[in-house]
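Structure at a glance
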Amino acid sequence: MRAEQDSGFEPTTGDGPVPVADGKRAASVRTAFEGMLQIRRLTNTGHAAPESVPALWERNRPVRAVALALEAAGLPASASDASGLRTATGYRLRPGEAAGGVRVEWLGPPGSGAAREEEAELERCASVLRQLGWAVLAYRGARRRRFLEVEPPAGARGPNDG
């Protein structure tokens, strides 16, 4: 991915092309995820389990943080071509309804069966995010399609957040 080479690692949000699935990408995901956990350990020192609470860095970049968590867990991201047509089935992230929140949808190309998979796949996403300390709520939207709203837990602001 050219953008990745120019500006550093970016986790996939489910929009744009499918990232090249190679050893370099996998290593970048592992390194970025371990870095996120290290930030938690260093900045959440007032918490009994610092790795279990999103750090200020994550709360300031929630879409990026959630994308990193889902990609590191091996969940597939959706993708789209230049015209916006879905080309792969998986999660898609965008800013949520509440400030600092993230909306997680399960999308795919027409006829892909994404709508039939969404309940189970969104539950997989929710499980990953809950283990990392995010608050996750499931909803039904237009045409009864399911989606998640992900937010930092209440009181996530740590003693070292300033």
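Glancing now at the overall build of the protein. Of the regular secondary structure elements, the protein holds five helices and six strands. Tracing the protein from N to C terminus, the helices and strands come up as α-α-α-α-β-β-β-β-α-β-β. For a compact globule of 162 residues, the expected C-alpha radius of gyration is about 15 Å, and the protein comes in at 16 Å, within 12% of that figure. Taken along its principal axes, the extent of the C-alpha atoms in the protein is 50 × 35 × 25 Å. When each of the 162 residues of the protein is scored for burial, the buried share is 42%.

It is worth spelling out helix H2 (residues 23-43) at this point. Under the 1.5 Å per step criterion, the end-to-end length of H2 is 30 Å for 21 residues, consistent within 8% with the ideal 30 Å. Among all positions of H2, only Arg25, Val29, Phe33, Met36, Leu37 and Arg40 are buried. Axial view of H2: buried residues confined to an arc of 105°, hence all on one face. Opposite its buried face, H2 presents the exposed residues Gly23, Lys24, Arg30, Thr31 and Leu42, each directed more than 90 degrees away.

Moving on, we come to unusual backbone geometry. For arginine 143, which is not glycine, the phi torsion reads 55° and is therefore positive. Tracing the backbone shows arginine 143 in the loop between strand S5 (135-140) and strand S6 (146-151). With a phi angle near 60°, arginine 144 is a residue other than glycine that sits in the positive phi range. As for its placement among the helices and strands, arginine 144 is situated in the loop between S5 and S6.

A separate point is the environment of alanine 73. Mapped onto the elements of the fold, alanine 73 is located in the loop between helix H4 (62-72) and strand S1 (79-80). In sequence terms alanine 73 and tryptophan 134 are 61 residues apart; their C-alpha atoms lie 15 Å from each other.

This paragraph deals with the sheet that holds strand S4 (residues 102-107). Read across the open sheet, the four strands follow the order S3-S4-S6-S5; overall the sheet is antiparallel. Only two strands of the sheet have a single partner each, and these edge strands are strand S3 (90-95) and S5. With strand direction ignored, the average angle separating the axes of adjacent strands in the sheet is 25°. Bridging between S3 and S4 involves six bridges; their strand directions are antiparallel. Bridging across to S4, proline 95 finds its partner in valine 102. Against the sheet, H4 touches S3, S4 and S6, its axis set at about 165° to S3. Against the sheet, helix H5 (residues 114-131) engages S3, S4, S5 and S6, with an angle of about 145° to S4.

Bringing the pairing of S5 into the picture now. Inspection of the sheet shows S5 paired to S6 by six bridges, in the antiparallel sense. Each bridged residue has a counterpart across the sheet, and for tyrosine 139 the counterpart in S6 is phenylalanine 147. With antiparallel pairing between neighbouring strands as the criterion, S5 and S6 make up a hairpin whose turn holds five residues, including arginine 143 at a positive phi of roughly 55°.

What follows covers H4. Across the eleven residues that make up H4, a large majority, nine, are buried. For H4, the full list of buried residues reads Pro62, Val63, Ala65, Val66, Ala67, Leu68, Ala69, Leu70 and Glu71. Buried residues belonging to H4 abut H2, helix H3 (56-60), S3, S4, H5 and S6. Within two residues after H4, glycine 74 carries a phi angle of roughly 85°, on the positive side.

Conventions adopted
- Residues numbered from 1 in each chain as written.
- Predicted model: local features only at pLDDT ≥ 70, side-chain atom pairs only at ≥ 80, totals over all residues.
- Heavy atoms only, no water.
- Helix = DSSP H or I, 4+ residues; strand = E, 2+ residues; numbered from the N terminus.
- Rg over C-alpha atoms; globule rule 2.2 N^0.38 Å.
- Buried < 20%, exposed > 50% of the residue type's maximum accessible area, 1.4 Å probe, protein only.
- Expected span 1.5 Å × (residues − 1).
- Arc of directions from axis to C-beta.
- Pairing = 2+ DSSP bridges.
- Axes fitted to C-alpha atoms, helices over the stretch in contact; angles between N-to-C directions.
- Contact = heavy atoms within 4.5 Å.

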